[in-house]
Protein chains: 2
Amino acid sequence: MSLLVTGSIGIDTIKTPHGASERCLGGSSVYFSMAASFFGPVRFVGVVGEDCPFDLPAVFRDRDVDLSGLEVRPGSKTFVWHGTYHEDMNERTTDYVELNVLQEAPPTVPEAFRDSKYVFLANTAPALQSELLQQISAPAFVAADTMNLWIEGQLDDLKKLLGQIDCLVLNDEEVRQLAGKSSLIEAARAVLAMGPSLVIVKKGESGSLVCGADGDMFVLPAYPAADVNDPTGAGDSFAGGMMGYLAQAGNTDFETLARAVAYGTVVASFTIADFSLDGLTSITRADIDSRLESLRNFTRF
Amino acid sequence: MSLLVTGSIGIDTIKTPHGASERCLGGSSVYFSMAASFFGPVRFVGVVGEDCPFDLPAVFRDRDVDLSGLEVRPGSKTFVWHGTYHEDMNERTTDYVELNVLQEAPPTVPEAFRDSKYVFLANTAPALQSELLQQISAPAFVAADTMNLWIEGQLDDLKKLLGQIDCLVLNDEEVRQLAGKSSLIEAARAVLAMGPSLVIVKKGESGSLVCGADGDMFVLPAYPAADVNDPTGAGDSFAGGMMGYLAQAGNTDFETLARAVAYGTVVASFTIADFSLDGLTSITRADIDSRLESLRNFTRF
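Here the structure is a predicted model, which is why all the values come from computation and not from measurement.

Regarding the overall build of chain A
When helices and strands are tallied, chain A shows 11 helices and 13 strands. For 301 residues, the compact-globule formula gives about 19 Å, and the C-alpha radius of gyration of chain A, at 18 Å, lands near that figure. When the backbone C-alpha atoms are referred to their principal axes, chain A occupies close to 55 × 40 × 35 Å. The 301 residues of chain A split such that 58% are buried. By sequence separation, contacts in chain A at least 24 residues apart represent 63% of the contacts at least 6 residues apart. Entry remark: accessible area of chain A is about 11,500 Å², with carbon and sulfur atoms responsible for 47%. Distance from the positive charge centre (22 side chains) to the negative charge centre (40 side chains) of chain A: 4 Å.

Listed below in structure tokens is the structure:
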């Protein structure tokens, strides 16, 4: 089924204990689309400024990513992010950020994308996520990401969004903050009571937890990767792999969802092995399937 | 096969966000033995002072725990530990400690225990662990726990011990510290190179990682328990469940080991649901098997 993503395109400068990359391609919709494209077609919606140094059509040339929702806005500047990962790469510092075009009006969803069935609203202000969602006529499954900034500053908008989506994806600190509870499971259940029928908690190298409104639960460790060089984009790649698999499967029963989360986990493990998108552009779907089988073996008892 | 444990017996005073317990029974060998006794007989070696307020034979009355290695030392005082768990119960502060009898000579392993095949050396000074191990004539599988104190202060003794054991059990911070590497997998592999053929990394609510010398790997999330009231004894219960299952199975191939780690995970999830040993004394082996099946369902994809 059709899959649409809205999110950022960024000029990233990244330092990690294993190297650095200056002004490389990043952004949530870019990582998401690259990850999801292993499973099926992706409809891309995002905006850059006229200064954007990247040739996105070339980046996605061999992939089934429809860029007709990519807007190059004259007179605007592209989103810029500089981050440093610490020795414990679960911790990172944002050194510098220019929101630029991200603080202007969101891009328009093209007419031809409005019948999309699977929708991922990558992290941005929840009011904008709602506005983007309203442009989709009859979505079958909507997932959204969020972050501490909106939980702290735009909680009413976020709660309104939670009534409109099927699935919230967020990290462990965020779910605790949103729910005001320290137990992850209690926190996830409290967020379920705010509207979505699924909550997916990303725990970085500790894996993920999925809670469903009817009591379903799924837990998965991260893929045990020795090779971690740049964690940037791990969460968006996870979401891309998961949503890509779900859209391809065309259903969201809990068993399919568990497999989708496992695919997301595996795709993210490739992302973090190299800087920018290099971990994803160097692999095939067969590599992903092979690593999924390894993950199954590593977790079997 | 026969299973022997050496470790501490403590008078614990515990505060958590969910309650408190004063001068309750604790200690590594106590939690270990209670956990392991669900799977088969346990040989207990430990020492208390003459002030010990607990009736250990009564505590283990209905369990197959042989207390002939329990020494009540005249003129000595029992180990005392006071700890407080924070709102994030992965963090705890030791408020007060009296090592007392633990800093004296270790207990003697009774003659009848010296043919033990499975041995667990709970956390104590590594020189004492070696001394205790030398009293076992021909062990088949020896596992040991350790901690930051010995990694920092008695590294030579610890390295000597690592050449004498099959399996080291430690937490994520400790393995990073011992190996001087931030990646858990690289750290575990570096510890394998120091001697043991298995390294088991306990990550609290993030589960566990097992690395074998021949490249075997197993990863498991913690049991997703909403009910966490007192994490004390989780690690020792994990080890008890694991070693209890291994001794019962009578082999340590990697498949059996993975199942043993899953049993350890499940037993620990019962321990943390209540204060002191109450989470373990209120359940049966059937409860453990049922929860193991739940964990299998929660992790299947």
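Focus: the sheet that holds strand β3 (residues 19-26) of chain A
Residue and element names in this part refer to chain A. Read across the open sheet, the 4 strands follow the order β3-β2-β6-β7; overall the sheet is mixed. In this open sheet, the two strands that pair with only one neighbour each are β3 and β7 (92-98). Along the sheet, successive strands turn relative to each other by an average axial angle of 15 degrees, direction set aside. In this sheet, β7 lies alongside strand β6 (residues 79-85) in antiparallel orientation, the contact comprising 6 bridges. Each residue of the ladder has a partner; that of H82, found in β7, is Y96.

Focus on the side chain of B:T265
All names here are of chain B. Take T265: it is sitting in helix α9 (residues 254-271). A distance of 2.9 Å separates the side chain of T265 from the backbone oxygen of V261, its partner in a polar contact. Setting aside chain neighbours within four positions, we find T265 in contact with S208, L220, P221, A222, Y223, F238 and L295.

With respect to the relation of the copies chain A and chain B
Each of the two copies of the chain can be brought onto the other by a rotation about an axis and a shift along it. For the match of chain A to chain B, the screw axis carries a shift of 0.0 Å, the RMSD comes to 0.0 Å, and the turn is 180 degrees. The relationship between the two copies is best expressed as a two-fold rotation axis.

Some words on the interface of chain A and chain B
At the junction of the two partners, chain A supplies 29 residues and chain B supplies 29 residues. In total, chain A and chain B occlude about 2,600 Å² of area from one another, counting both sides; carbon and sulfur atoms represent 60% of this. Area buried by chain A at its contact with chain B is led by A:V219, A:F298 and A:F301, which between them contribute 29% of it. Taken together, the connections running from chain A to chain B amount to 2 salt bridges.

A short note on the packing of helix α9 (residues 254-271) of chain A against helix α11 (residues 285-299) of chain A
Residue and element names in this part refer to chain A. Axis separation between α9 and α11 bottoms out at 9 Å; the angle between their running directions is 115 degrees. Between α9 and α11, the angle falls in the class roughly perpendicular. In this structure, the crossing between α9 and α11 has a hand that is right-handed. Contacts from R259, A262, Y263, T265, V266, V267, S269 and F270 in α9 reach R285, D287, I288, D289, R291, L292, L295 and R296 in α11. Looking at the contact of α9 with α11 residue by residue, the classes come out as 8 nonpolar, 2 polar and 6 charged.

What about the pairing of β6(A)?
Residue and element names in this part refer to chain A. When you tally the buried positions in β6, you get 5 out of 7 residues, the bulk of the element. Where strand β2 (residues 10-16) meets β6, 6 bridges bridge the pair, whose relative direction is parallel. By the bridge assignment, T13 is partnered in β6 with H82. Between β6 and β7, which pair antiparallel in sequence order, lie 6 residues.

Quick look at the confidence of the model for chain A
Of the residues in chain A, 100% reach a pLDDT of 70 or more, and the chain-wide mean stands at 96. We note a pTM of 0.92 for the whole complex and an ipTM of 0.89 for its interfaces.

Some thoughts on the pattern of salt bridges
Residue and element names in this part refer to chain A. Within this structure, the stated rule accounts for 18 salt bridges over all chains. R73 is the salt-bridge partner of E104, the closest N and O atoms lying 3.2 Å from each other. A residue pair is termed long-range when its members are at least 10 positions apart, and E104 in the loop between β7 and β8 (118-121) and R73 in strand β5 (residues 65-73) qualify at 31 residues. In this structure R73 comes out as buried when scored by relative accessible area, which is 12%. One salt bridge in this structure joins D145 and K202, with 3.6 Å as the shortest N-O distance. Pair noted here: D145 is in strand β9 (residues 141-145) and K202 is in strand β11 (residues 198-202), with a separation of 57 residues, a long-range link. The exposure classification of D145 matches that of K202, with both residues buried. Residues joined by salt bridges that share partners form a network here, namely E71, R73 and E104.

Examining a negative patch on the surface
Residue and element names in this part refer to chain A. A cluster of like negative charges, contributed by E87, D88, E91 and E173, occupies part of the molecular surface. Looking at the element boundaries, E173 is found in helix α6 (residues 172-179). Since its relative accessible area comes to 62%, E173 is described here as exposed.

Description of the environment of A:R300
Among the secondary structure elements, A:R300 is positioned in the segment after α11. What makes A:R300 partly exposed here is its relative accessible area of 49%. In contact with A:R300, other than residues within four places in its own chain, are A:E293, B:F218 and B:A258. One polar contact links A:R300 to A:N297, side chain to side chain, over a distance of 2.9 Å.

Comments concerning the packing of aromatic side chains
Applying the stated rule across the entire model yields 14 aromatic pairs over all chains. When the centroid spacing of 4.8 Å and the interplanar angle of 10 degrees are considered together, the rings of A:F32 and A:F120 count as stacked. Separated by 88 residues along the polypeptide, A:F32 in helix α1 (residues 28-36) and A:F120 in strand β8 bring together distant segments of the chain. We note that A:F32, like A:F120, is buried. Ring geometry for B:Y118 and B:F141: centres 6.0 Å apart, planes at 40 degrees, overall tilted. With a gap of 23 residues between them, B:Y118 in strand β8 (residues 118-121) and B:F141 in strand β9 (residues 141-145) connect regions that are remote in the sequence. Taken as a pair, B:Y118 and B:F141 share a single burial class, namely buried. Within the aromatic cluster, the residues linked to one another by ring pairs are A:F39, A:Y245 and A:Y263. Here the basic side chain of B:R291 rests over the ring of B:F270, its NZ or CZ set 3.8 Å away from the ring centre.

Examining the nonpolar core
Counting residues in hydrophobic clusters, the biggest one holds 98 residues, and the most contacted among them are A:L121, A:I165, B:F120, B:M243 and B:I288. Top element by residues in this core is α9(B). It accounts for 11 residues.

Rules and cut-offs
Residues numbered from 1 in each chain as written. Chains lettered and ligands numbered in written order. Predicted model: local features only at pLDDT ≥ 70, side-chain atom pairs only at ≥ 80, totals over all residues. Heavy atoms only, no water. Helix = DSSP H or I, 4+ residues; strand = E, 2+ residues; numbered from the N terminus. Rg over C-alpha atoms; globule rule 2.2 N^0.38 Å. Buried < 20%, exposed > 50% of the residue type's maximum accessible area, 1.4 Å probe, protein only. Contact = heavy atoms within 4.5 Å. Areas by Shrake-Rupley, 256 points an atom, 1.4 Å probe, with all protein chains shown as cover. Lys, Arg positive; Asp, Glu negative; His and termini not counted. Charge placed at Lys NZ, Arg CZ, Asp CG, Glu CD. Pairing = 2+ DSSP bridges. Axes fitted to C-alpha atoms, helices over the stretch in contact; angles between N-to-C directions. Polar contact = N/O pair within 3.5 Å; in protein donor to acceptor, adjacent residues only side chain to side chain. Least-squares fit on C-alpha atoms with pLDDT ≥ 70 in both. Buried area = accessible area lost by both parts, 1.4 Å probe. Salt bridge = Lys/Arg side-chain N within 4 Å of Asp/Glu carboxyl O. Parallel < 35°, antiparallel > 145°, perpendicular 65-115°, else oblique. Left-handed = near helix turned anticlockwise from the far one by under 90°. Nonpolar A, V, L, I, M, F, W, Y, C, P; charged D, E, K, R; others polar. pLDDT = per-residue confidence, 0-100. Patch = residues over 30% accessible without salt bridge, like charges linked within 9 Å, V, L, I, M, F, W, Y side chains within 5 Å. Phe/Tyr/Trp six-rings, centres within 6.5 Å; stacked < 30°, edge-to-face > 60°. Lys NZ or Arg CZ within 6 Å of the ring centre and 35° of its normal. Core = buried A, V, L, I, M, F, W, Y, C linked by side-chain atoms within 4.5 Å.

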